[in-house]
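# Breakdown of the fold
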Amino acid sequence: MIITLAEVADVMTDKSEITNRHCSRADLENHWMPFTDNKSFKREPRLIVRGKGIHVWNNRGERLVDGSSGLFSVPCGHCRHEIAAAVHEQLQVLDYTSPFLRGHPKSFELARRLAAITPEPLNHIFYGNSGSEAVDTAMKIVMAYNFARRQSQKNIFVSRERAYHGVNIGGTSLAGIVKNREAFTSVLPGVAYMRSTATPDRKFIKGQPGDGGEDLADDLLRVIKTYGESRIAACFIEPIAGSTGVLVPPEGYLERLREICDQYDIVLVFDEVITGFGRTGSAFAAQEFGVTPDIITMAKAMTNAAQPMSGVAVHDRIYDTVVGAAEENMIEFFHGYTYSGHPAACAASLATLDIYEKENLFQRAKDLSGYFLDSVFALQEHPLITDIRGYGMLAAIELLVEERPGMRGHDFQKRLFDAGVHVKTTGDAALIAPPFIIEKSEIDDMCGIIREVLDSYR
Ligand SMILES: Cc1ncc(COP(=O)(O)O)c(C=O)c1O
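Residues numbered from 1 in each chain as written. Predicted model: local features only at pLDDT ≥ 70, side-chain atom pairs only at ≥ 80, totals over all residues.

## Observations regarding unusual backbone geometry
Spelled out, the test is: The way it works is that DSSP assigns letters per residue, a run of H or I at least four long becomes a helix, a run of E at least two long becomes a strand, and they are numbered from the N terminus.
The linkage connecting Glu120 with the following residue, Pro121, adopts the cis geometry, with an omega of -5°. Relative to the helices and strands, Pro121 resides in the loop between helix 7 (105-117) and strand 4 (122-128). Phi angles above zero are rare outside glycine, and Cys79 is one such case at about 55°. Checked against the element boundaries, Cys79 lands in the loop between helix 5 (69-72) and helix 6 (81-93). Of note in this structure, Phe204 is not a glycine but carries a positive phi near 55°.

## Brief notes about the confidence of the model for the protein
Rules: Scored from 0 to 100, pLDDT reflects the predictor's confidence in each residue. C-beta atoms are first placed from the backbone for all residues, and any pair lying within 7 Å is then listed as a contact.
The predicted model of the protein averages 94 in pLDDT, with 95% of residues at 70 or higher. Low confidence marks residues 1-20, where pLDDT is under 50. Its contacts with residues over four positions away, or in another chain, come to 17 contacts.

## Quick notes on the pairing of strand 3 (residues 63-66)
Heads up, the rule is: Strands were regarded as paired on the criterion that DSSP finds at least two bridges between them.
Sheet topology note: the strand 2 (residues 55-58)/strand 3 ladder contains three bridges and is antiparallel. Counterpart to Trp57 in the pairing with strand 3 is Arg63. Hairpin remark: strand 2 followed by strand 3, antiparallel, with four residues in the connecting loop; positive phi at Gly61, about 85°. Alignment of strand 3 against strand 14 (residues 421-422), held across two bridges, turns out to be parallel. Paired with Val65 across the bridge in strand 14 is Val421.

## Remarks on the environment of Ile388
Under the convention used in this document: Once C-beta atoms are placed from the backbone, each residue is buried if 20 or more other C-beta atoms lie within 10 Å of its own, exposed if 12 or fewer, and partly exposed for counts between those two.
Along the chain, Ile388 falls in strand 12 (residues 385-391). The class for Ile388 is buried, based on 24 C-beta atoms found within 10 Å. Residues Ile388 and Ser159 lie 229 residues apart in sequence; the distance between their C-alpha atoms is 24 Å.

## Here we look at the site of the ligand
This is how the line gets drawn: Placing a C-beta atom from the backbone of each residue, we mark the residue near a molecule or strand if the atom is within 6 Å of it.
Around the ligand sit 15 residues in total, of which Ser130, Gly131, Ser132, Gly166 and Val273 are the nearest. Broken down by element, the shell around the ligand gets its largest block of residues, three residues, from helix 8 (residues 131-148).

## Structural notes on the nonpolar core
Note the following rule: Structurally, a nonpolar core is described as a collection of buried Ala, Val, Leu, Ile, Met, Phe, Trp, Tyr and Cys residues joined by way of C-beta atoms within 7 Å. Start and end points for every domain follow an automatic or database-based domain assignment.
In this structure, Ile141, Ala234 and Cys235 are the most contacted members of the largest nonpolar core, which totals 122 residues. Summarising the domain contributions, this core has at least three residues from each of domain 1 (5-76 + 360-455) and domain 2 (83-358). Among all residues touching Cys235, those that are not within four sequence positions of it are Val158, Leu220, Leu257, Cys261, Ile266, Leu268 and Val269.

## Looking at helix 15 (residues 343-358)
Rule in force here: In this scheme, a helix's expected span is set at 1.5 Å multiplied by one less than its residue total.
Given a rise of 1.5 Å per residue, 16 residues ought to cover 22 Å, and the 22 Å separating the end C-alpha atoms of helix 15 matches this to within 8%. All of the buried residues in helix 15 are Pro343, Ala344, Ala345, Cys346, Ala347, Ala348, Ser349, Ala351, Thr352, Leu353 and Tyr356. In this structure, the buried residues of helix 15 make contact with helix 6, helix 7 and helix 16 (361-377). Following helix 15 by one or two positions, Asn360 adopts a phi angle in the positive range, close to 50°.

## A few points about the packing of helix 6 against helix 15
Going by this rule: Fitting a line to C-alpha atoms yields each axis, with helices limited to the stretch in contact; the angle taken between N-to-C directions then spans 0 to 180 degrees. Note on terminology: angles under 35 degrees are roughly parallel, angles over 145 are roughly antiparallel, angles of 65 to 115 are roughly perpendicular, and the others are oblique. By convention the crossing between two helices is left-handed if the near helix lies anticlockwise of the far one by an angle smaller than a right angle, and right-handed if it lies clockwise. Lys, Arg, Asp and Glu make up the charged group, whereas Ala, Val, Leu, Ile, Met, Phe, Trp, Tyr, Cys and Pro make up the nonpolar group; the residues left over, Gly among them, are polar.
It is the contact of helix 6 with helix 15, at a shortest axis distance of 8 Å, that shows an interaxial angle of 150°. Here helix 15 runs roughly antiparallel to helix 6, going by the angle between their axes. With respect to the hand of their crossing, helix 6 and helix 15 are arranged in right-handed fashion. Contacts between helix 6 and helix 15 pair Glu82, Ile83, Ala86, Val87, Gln90 and Leu91 from the former with Pro343, Ala344, Ala347, Ala348, Leu350, Ala351, Thr352, Asp354 and Ile355 from the latter. A class-by-class count of the residues in the contact of helix 6 with helix 15 yields 11 nonpolar, two polar and two charged.

## Quick notes on the sheet that holds strand 2
Here we have four strands laid out as an open sheet, ordered 1-2-3-14, and mixed in their pairing. Two strands in the sheet have a free side with no partner beyond their single neighbour: strand 1 (48-52) and strand 14.

## Examining the domain arrangement of the protein
Parsing the protein into structural domains produces domain 1 (5-76 + 360-455) and domain 2 (83-358). Relative placement of domain 1 and domain 2: their C-alpha centres are 27 Å apart. Facing 32 residues of domain 1, the contacting portion of domain 2 comprises 29 residues. The leading source of residues in the side of domain 1 that touches domain 2 is helix 16, at seven residues. Among the residues forming the side of domain 1 that touches domain 2, the class breakdown is 20 nonpolar, eight polar and four charged.

Here it is, written out as structure tokens:
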């Protein structure tokens, strides 16, 4: 059933019903919520009960701007009826089939469409259900590639300080954010870390920092020297480090990493779970920055978040090596998920790609970026703000640390929620990434609310 805005408004007037339906303490207890302070959330729940366009509604019936597109995942806006209809229709035709040794037409159609928007020659798509699965899948593809070409001594993965690559064991092993790994003491050995591209000496840089990129990338040479020239399997990076607070790569950085990876036969992986599907103004950051990796991971905006889904786009050379190494009639890659390429997720993703195309949303993101970044950077004189960074339709506002790191950020997102904006925070950084369909006047409103909330600390 498609819910119209008028119906949303109708339901919203019956606040008590919503509160009773969504907010009983007993109802909340059993769900152990992810990345959440469960104790305080359940005392003071902040539930979202509906979404439409750039807005969501909370359980008190109040409307909020979705300033982070959920988790960077709803660029087309919420509750797109085209996507809902495609999923509905698919579930009535074919709800499920085993993805092992069986297939259904939509997964192939989607892979063709995705290969058309990923850079050449990344033409083979492996499906998962989350960004974390995409990252772990990419690690296993690298291992299988090296096994197939008798290079299994290449078993060191390189990541970076402040990296976020999801929460499965592979991604946790690559993690460079302390809190995301300190309790998890049995992760993979054989991961080395480069420096992050944070530039604490230079603040309030809009877009790419202008220099220093090549030096930072040369950190990969340090790792190569430490382990040996033939030992490095892959280098995983987020082209823009998102979850840690939007660290935009300095000019020359990605290009230099590519050069080093070519020189030492290292697989370069761009984790584009946040940057994929237009967030930078191009389909992928790889195209935006003009550097082609060997593997791209994607998720989130792949279905406009209407269905869980992720993908790994793989270079022809890697696919051909793994597939070519197996004997005829033998499975080539012993990996996959029950829901790899689920029919409903494929239908959602195809409908999402249609919207991106029809509404020219990647170009819209590019065109709107200047206005968006100017509006966010206009907050920079505020005494509570210590830095702002941004690129495309993605920005981070770094707040002055209160007593303990992270305390102010956490409080800030609560105050913003109560004032009418949903924003994801990480530590003391607020990550602003609205849907691409947002209008300029709505950006003004959103930034106005952010300013008011900043002022509330005075
Ligand atoms: C770069 C990156 N990789 C992987 C992930 C994990 O994705 P998921 O939460 O869908 O597992 C995220 C999530 O934010 C991400 O930003």
